[in-house]
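Here is how the chains run, residue by residue.
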Amino acid sequence: MGFLRLVVKRWLVSDVQICIILFLMPTMKLQGGYNINIQGRPGPTIKKMPEPEILYLRQKSRRFHFTKLRVEDGRSISCGQPLAVDPENYNVPLLAPRTGTVRLNQLDGHIVLEDIQPLEKETAVFKQPEHISIHPGHLSLKHKLLFDLGAWQFFSDAFTGSLPDPMGNPQAVIISTLSLEPFLARGDIQLDEKLLNFTRGLEQLQSLLEYQPMYLIMPKIDTELATKVHEHIRGYAWVEMIEIPLRYPFDNFTILARYLGLKPGKGPVWSLRAEGIIAVDSALTMHKPCIQKIISIGGPAVLKPAHFEVCAGYPLDDLLKGLIADEPVRILDGGVMTGEIIGDNDYGLDTECNGLTVLREHRQREFLAFLRPGFDRRSYSSCFLSTFRKAFPERLNTALRGELRPCISCNYCEEVCPAGIMPHLIHKYLYADLLDEAEDARIDLCIECGLCSFVCPSKIDLKREFVEAKRVIQEEKEEILKEQRQQEELQRTIKGEQAKDIIE
Amino acid sequence: MKSLFKLFERAKPLFEDGGRFRPFKPVFDALENFFFGPATTTTAAPHIRDPLDVKRFMSMVIVALIPVLLASFYFFGLRLITMLVVSYAVGGAVEVLFAVIRKEEINEGFLVTGMLFPLILPPTLPLWMVAIGVAFGVFVGKELFGGTGRNIFNPALVGRCFLAIAYPVAMSSNWVTPGSGFTGRLFEYISASDVDALTSATPLVLAKQGTLTELSRLFFGNISGSVGETSSLAVILGGVFLLLTRTANWRTVVSTLGSFALLAAILRVNDPERFAPVLWHLCAGSILFGAFYMTTDPVTSPVTNSGKWLYGMIIGFATVLIRNFTGYVEGVMFAILLGNIFAPVLDEIIFKLRLRRLALEE
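Conventions adopted
- Residues numbered from 1 in each chain as written.
- Chains lettered and ligands numbered in written order.
- Predicted model: local features only at pLDDT ≥ 70, side-chain atom pairs only at ≥ 80, totals over all residues.
- Helix = DSSP H or I, 4+ residues; strand = E, 2+ residues; numbered from the N terminus.
- Rg over C-alpha atoms; globule rule 2.2 N^0.38 Å.
- Buried ≥ 20, exposed ≤ 12 C-beta atoms within 10 Å, placed from the backbone.
- Domains from an automatic or database assignment.
- Nonpolar A, V, L, I, M, F, W, Y, C, P; charged D, E, K, R; others polar.
- Pairing = 2+ DSSP bridges.
- Contact = placed C-beta atoms within 7 Å.
- Right-handed = clockwise from strand over helix to strand, strands pointing away.

Asker: What's the story with the overall build of chain A in this structure? I'm lost.
Answerer: Secondary structure assignment for chain A yields 15 helices and 18 strands. The C-alpha radius of gyration of chain A comes to 25 Å, within 12% of the 23 Å expected for a compact globule of 504 residues. Dimensions of chain A, computed from C-alpha atoms along their principal axes, come out at roughly 75 × 70 × 60 Å. Burial statistics for chain A: of 504 residues in total, 44% are counted as buried.

Written as structure tokens, this is what we have:
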């Protein structure tokens, strides 16, 4: 339907264009998806956290592992300088969010920054960090700025989810203003204040490209902000606006890229969220390191869910103090569907975090739970009285809400799957250890959104099975590749020896 | 409630490793999780889960059977209670036995099988036959395949099929004339010895002999027949509930009834003298009961939606053919079992087609 509206809009422009669009229209239909309505949606206010006294910068985040240190213990470092880099990911830097003294051995897996100087806006804006120098022939200045000022880590490849090569050329760029998973920092809230930065960031990003298309993903609703964005970029012929229904996980970049008809073989698809574009603007227009970020703190166990302006490394205890109900909770880095549990050994906000979700731990066991009419529980199925109710935010906790059972072939997982695969079939293959068949059933198309695990009445953890199987398949493939290389090597040496023999 | 919980907590160590009743842990777990929602939590993303579980899913079928049960009590009396008790006791015992031997959990599937089974039997069937039938159905139809979720055939139908072949006379001649008036047979207990209340023919038998029962009687259910099948009204009420809760898939039902009606209509148009009208056929016998409660069993029907359409067609067509062209007067049971055989094959074909389409996608 999003396309339909797009088409109608274009119709007004010219019908020659529409013929072209109809021809080029990606045929992939958005399917599946489901909105989980859970209590604790962060409000639209952005609270600025007080300046931290100490920072715990985690060396490991979702994609990165900053193992190569760039600083020594006890040295002072100024704001925006790299503390460490990730050698596995093109040496992407972990920037010091504030000026302070480095302590390396205080906490395992963290770089601690002490004696923090409060952020002085004026100086930070125009002072060009010293470590930026231009090597001709390598990266252009703009690429270099993006990379060194910490904006590059907001980029990801739509198909692999990993960091794209900064030197590479994308086949397309997808920019999403949406965060549909409960709960991540919402794009509209970040845009509300920084719409100018956003449009300027879009221009900056465009200047990095040659001819590749840029897609801007917008919600399929008319809000004041949406109209404003529309107005702002009306003149930008190089940005194609695409509207999608507000349903999880339609903001997933892999799904969007497939929907847009992009192919993984034709090069990376740079994908960014709203904060990424603002970071691009900050790096390229103001030459300012991207150190401040907006995160959401939400979930049923949060007393006043809201957005917060913080920096990486902000102590979690200080951040959550007074925010969480006083009972056993589970703190997640990310949303409820894909977030990871923050353990006791994590002290600070990691650099990629864009939301914390807090859930109550399941303790209370309900009497005759399965017989309850269920006016207060919302379900994908219609087996509860809440079917007659309008959508309402539910107070969910970490309960599994049922016992593990064999698959009863209810087909819910397939209905809800946004990737168009058959989770129940892959489950049956994996249950029988048939990895090749699972591969033929396109387990690789799984985007790990977790919806199949969520709806399964037999409480089978399909997502975990798939992640594990994908890992094994990947390892096997690498093994085969390695063997092939060894074989080739062997052949070459044999041939070499034969040649030597002949010569002798 | 609290004292019950404490009782469970106190008894728990007896069923843990090293406890005296360790082999009966499945029974204890089943009871505990029946009364109290399970204590398990998620361990990784997604951290929250949908409230629907298999218990709820299966109890929806039981709720949907309430109108059928009420109609059955009204028309055929209280003997149904003893049949239900026997069916649940014997079926449950087989299920528990296998859970203990296999050291697996007790599955909720037998709650549905135990209730469906008496509803598809003649109301005066000796109780020992009910026991043998349900034991055979659960044992051969389900446990041998590995339990709920892995069975190919509907266990209740396997049990009935066994009885129909082993005791053909008891299964086809002793019907009860339905109750009427304000209370019906609500306070009566009719067994095979009450000769006054017995009749030897159901509407389908009578139809073969040339007399058509009125459609309104078929619709409300004051006819003789298997316990639960007679009242089309009650079956439709419960069936619609199943469809609305999405416990049953509408595709299977529409396809089964649609193809049944289509073939019946074709026959009727060709030879109105010989074949009964479509609506009459729909309300007679157990086609409605089978379509709503038996074909829609998610485990034994195809998973894929296209598979469900084909599956329904096989059952619908087969029922009409068996009813009209064989020595049997009713064909629903055989048709559904036939459909069960086809279900995995249909799925396999649809999987192949869909995987071929998926393979084209980069």
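Asker: Looking at this model, I keep getting lost on the overall build of chain B. Mind explaining?
Answerer: Across its full length, chain B holds 17 helices and 2 strands. At 22 Å, chain B has a C-alpha radius of gyration in line with the 21 Å of a compact globule built from 362 residues. Projected onto the principal axes, the alpha-carbon positions of chain B cover approximately 70 × 65 × 35 Å. By the burial criterion, 50% of the 362 residues in chain B qualify as buried.

Asker: Would you take a moment to explain the domain arrangement of chain A for this structure?
Answerer: It is common to report an interface's size as the accessible area lost on association of the parts. Residues and elements named next belong to chain A. Taken domain by domain, chain A holds domain 1 (50–284) and domain 2 (403–504). Each of domain 1 and domain 2 was reduced to a C-alpha centroid, and the two centroids are 31 Å apart. Partitioned by chemical class, the residues of the side of domain 1 that touches domain 2 number 3 nonpolar, 2 polar and no charged.

Asker: Would you take a moment to explain the sheet that holds strand 10 (residues 172–176) of chain A for this structure?
Answerer: To summarise the sheet geometry, strands pair through backbone hydrogen bonds and adopt either a parallel or an antiparallel arrangement. Residue and element names in this part refer to chain A. With mixed pairing, the 5 strands of this open sheet are ordered in space as 9-13-10-11-12. Where the open sheet ends on each side, the last strands, each with one partner, are strand 9 (156–157) and strand 12 (239–244). Here strand 11 (residues 214–219) pairs with strand 12 via 6 bridges, running parallel. Its bridge partner being in strand 12, tyrosine 215 is matched across the sheet by glutamate 240.

Asker: Can you walk me through the environment of alanine 164 of chain B in this structure?
Answerer: With respect to the helices and strands, the residue alanine 164 of chain B is situated in helix 8 (residues 155–166). The spacing of alanine 164 of chain B and leucine 121 of chain B is 43 residues in sequence and 9.6 Å in space, taken between C-alpha atoms.

Asker: It is not clear to me how the interface of chain B and chain A should be interpreted in this structure. Could you clarify?
Answerer: At the interface, 44 residues of chain B touch 59 residues of chain A. Elements supplying a minimum of two residues to the side of chain B that touches chain A: helix 2 (25–35), helix 3 (54–64) and helix 17 (332–360) of chain B. Ranked by the residues each element gives to the side of chain B that touches chain A, the list is headed by helix 3 of chain B, at 6 residues. Within the side of chain B that touches chain A, the residues separate by chemical class into 21 nonpolar, 13 polar and 10 charged.

Asker: Please clarify how unusual backbone geometry should be interpreted in this entry.
Answerer: Excluding glycine, a negative phi dihedral is what most residues carry, and trans is how most peptide bonds are arranged. Residues and elements named next belong to chain A. Across the junction of proline 182 and phenylalanine 183, the peptide omega takes the value -5°, indicating a cis bond. By the element assignment, phenylalanine 183 lies in the loop between strand 10 and helix 5 (187–193). Residue proline 249 is reached from tyrosine 248 by a cis peptide bond, and omega for that bond is -5°. Structurally, the position occupied by proline 249 is in the loop between strand 12 and helix 8 (253–259). Even without being a glycine, tyrosine 90 presents a positive backbone phi close to 55°. By the secondary structure assignment, tyrosine 90 is in the loop between strand 5 (82–86) and strand 6 (92–95). A count of 15 C-beta atoms within 10 Å places tyrosine 90 in the partly exposed class. Of note, glutamate 448 is a non-glycine position whose phi angle comes to about 60°, a positive value. Locating glutamate 448 in the fold gives a position in the loop between helix 13 (435–440) and helix 14 (451–455).

Asker: Help me out: how do you make sense of the pairing of strand 11 of chain A in this one?
Answerer: Two faces belong to every sheet, and in a regular strand the side chains alternate between them. Residue and element names in this part refer to chain A. When you tally the buried positions in strand 11, you get 6 out of 6 residues, the bulk of the element. In strand 11, alternate side chains face the same way, and those of Met214, Leu216 and Met218 on one face and Tyr215, Ile217 and Pro219 on the other are all buried. As paired strands, strand 10 and strand 11 are joined by 4 bridges and run parallel to one another. Opposite serine 176, over in strand 11, you have isoleucine 217 as the bridge partner. With helix 7 (residues 224–232) bridging strand 11 and its parallel neighbour strand 12, the resulting β-α-β unit is right-handed.

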